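Here is how the chains run, residue by residue.
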Amino acid sequence: KAGVTQTPRYLIKTRGQQVTLSCSPISGHRSVSWYQQTPGQGLQFLFEYFSETQRNKGNFPGRFSGRQFSNSRSEMNVSTLELGDSALYLCASSELIGALNSPLHFGNGTRLTVT
Amino acid sequence: AQSVTQLDSQVPVFEEAPVELRCNYSSSVSVYLFWYVQYPNQGLQLLLKYLSGSTLVKGINGFEAEFNKSQTSFHLRKPSVHISDTAEYFCAVSDQSGTASKLTFGTGTRLQVTL
């Protein structure tokens, strides 16, 4: 099976712009989660989607949003970019939600740089 | 709220030496603990997890961890490290509902293995 695929791998944007990141989960996985990784804050949970519905949300401003499509692919969007949004954004998929025996499989991330 | 503390930001070790990466957690309810590894420019990979049962958990690549409830610790160990083990290691705890997708991560420990 192919792993979790995130596109693009690298992205450079300017303050005030918006950006959309894409994540294709492992085939058969219905849950997709997003994490932000920065040197200062470490790994922080953004949100989780399952069956096209947001099931969990972290403590991020409303500029961060996401969605999931019927094929389980997910996108996250960040509007009005700020310098502090520069980070590695990781997507993870799992077969189920709320099931501890369903481990997370991470993609290689999208590195976003805001200038 | 649950939290995880990784006491060492960096651990240098010689090849074939044993290593222990420390992790302490804070939780008032049942805990579910994980160790992940991140190689350069890659996402996270699950090493092992503790859900219940035996307190000694064996994972991939020869790693193991011991859950110690009285000391609220979940230290990761390997008896003999290899150069290829050089990476960043993250300890994580699941939220109270057991939703495995929403993890709280520690700040990471960089393991540097040298000859």
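Residues numbered from 1 in each chain as written. Chains lettered and ligands numbered in written order. Predicted model: local features only at pLDDT ≥ 70, side-chain atom pairs only at ≥ 80, totals over all residues. Heavy atoms only, no water.

## Quick look at the side chain of Glu-75 of chain A
All names here are of chain A.
(1) Moving on: Mapped onto the secondary structure, Glu-75 falls in strand β8 (residues 74–78).
(2) Moving on: Judged by its relative accessible area of 16%, Glu-75 falls in the buried class.
(3) Moving on: A distance of 3.3 Å separates a polar atom in the side chain of Glu-75 from a polar atom in the side chain of Arg-73.
(4) Moving on: Not counting residues up to four positions away in its chain, the partners in contact with Glu-75 are Thr-20, Leu-21, Ser-22, Trp-34, Ser-65, Gly-66, Arg-67 and Phe-69. (Helix = DSSP H or I, 4+ residues; strand = E, 2+ residues; numbered from the N terminus. Buried < 20%, exposed > 50% of the residue type's maximum accessible area, 1.4 Å probe, protein only. Polar contact = N/O pair within 3.5 Å; in protein donor to acceptor, adjacent residues only side chain to side chain. Contact = heavy atoms within 4.5 Å.)

## Focus: the sheet that holds strand β3 (residues 19–24) of chain A
Residue and element names in this part refer to chain A.
(1) Moving on: Read across the open sheet, the 4 strands follow the order β1-β3-β8-β7; overall the sheet is antiparallel. Across the chains shown, the open sheet's two edge strands, defined by having one partner strand only, are β1 (5–7) and β7 (64–68). Each strand of the sheet is rotated relative to its neighbour by a mean of 20°, with strand direction disregarded.
(2) Moving on: Where β1 meets β3, 3 bridges bridge the pair, whose relative direction is antiparallel. The partner of Gln-6 across the bridge, within β3, is Cys-23. (Pairing = 2+ DSSP bridges. Axes fitted to C-alpha atoms, helices over the stretch in contact; angles between N-to-C directions.)

## A word on the packing of aromatic side chains
(1) Moving on: Considering all chains together, one arrives at 13 aromatic pairs over all chains under this definition.
(2) Moving on: Centre to centre, the rings of Phe-47 of chain A and Tyr-49 of chain A are 5.6 Å apart; their planes meet at 70°, and the pair counts as edge-to-face.
(3) Moving on: Overall, Phe-47 of chain A belongs to the buried group, its relative accessible area being 1%.
(4) Moving on: Under the relative-accessibility criterion, Tyr-49 of chain A is labelled buried at 5%.
(5) Moving on: Of the aromatic side chains, those joined through ring pairs into one cluster are Tyr-35, Phe-45 and Phe-106 of chain A together with Phe-34, Tyr-36, Phe-90 and Phe-105 of chain B. (Phe/Tyr/Trp six-rings, centres within 6.5 Å; stacked < 30°, edge-to-face > 60°.)

## A word on the pairing of strand β9 (residues 87–94) of chain A
Residue and element names in this part refer to chain A.
(1) Moving on: Summarising burial for β9: 8 of the 8 residues are buried, a large majority.
(2) Moving on: Along β9, one buried face is formed by Ala-87, Tyr-89, Cys-91 and Ser-93 and the opposite face, lined by Leu-88, Leu-90, Ala-92 and Ser-94, is buried too.
(3) Moving on: Pairing analysis gives 3 bridges linking β9 to strand β11 (residues 110–114), with the strands arranged antiparallel. The residue bridging Leu-88 from the neighbouring strand is Arg-111, located in β11.
(4) Moving on: Relative to strand β10 (residues 105–106), β9 runs antiparallel, the two sharing 2 bridges. Across the sheet, the residue bridging to Ala-92 is Phe-106, located in β10.

## Some points on the pairing of strand β12 (residues 109–114) of chain B
Residue and element names in this part refer to chain B.
(1) Moving on: Burial along β12 is one-sided: the face carrying Thr-109, Leu-111 and Val-113 is buried and the face carrying Arg-110, Gln-112 and Thr-114 is not.
(2) Moving on: As judged from the 5 bridges shared by strand β2 (residues 10–14) and β12, these two strands associate in the parallel manner. The residue bridging Val-13 from the neighbouring strand is Val-113, located in β12.
(3) Moving on: Direction of pairing for strand β10 (residues 87–94) relative to β12: antiparallel, over a ladder of 3 bridges. Looking at the pairing, Tyr-89 lines up with Thr-109 of β12.

## Quick notes on the interface of chain B and chain A
(1) Moving on: Each side of the interface is counted separately: chain B has 19 residues, and chain A has 26 residues.
(2) Moving on: Summing both sides of the interface, chain B and chain A together bury roughly 1700 Å²; the carbon and sulfur share of this comes to 57%.
(3) Moving on: The set of elements that each furnish at least two residues to the side of chain B that touches chain A consists of β5 (33–38), β6 (44–50), β10 and β11 (103–105) of chain B.
(4) Moving on: Counting residues per element, the side of chain B that touches chain A draws most heavily on β6 of chain B, at 3 residues.
(5) Moving on: For the side of chain B that touches chain A, the residue count by class is 9 nonpolar, 8 polar and 2 charged. (Buried area = accessible area lost by both parts, 1.4 Å probe. Nonpolar A, V, L, I, M, F, W, Y, C, P; charged D, E, K, R; others polar.)

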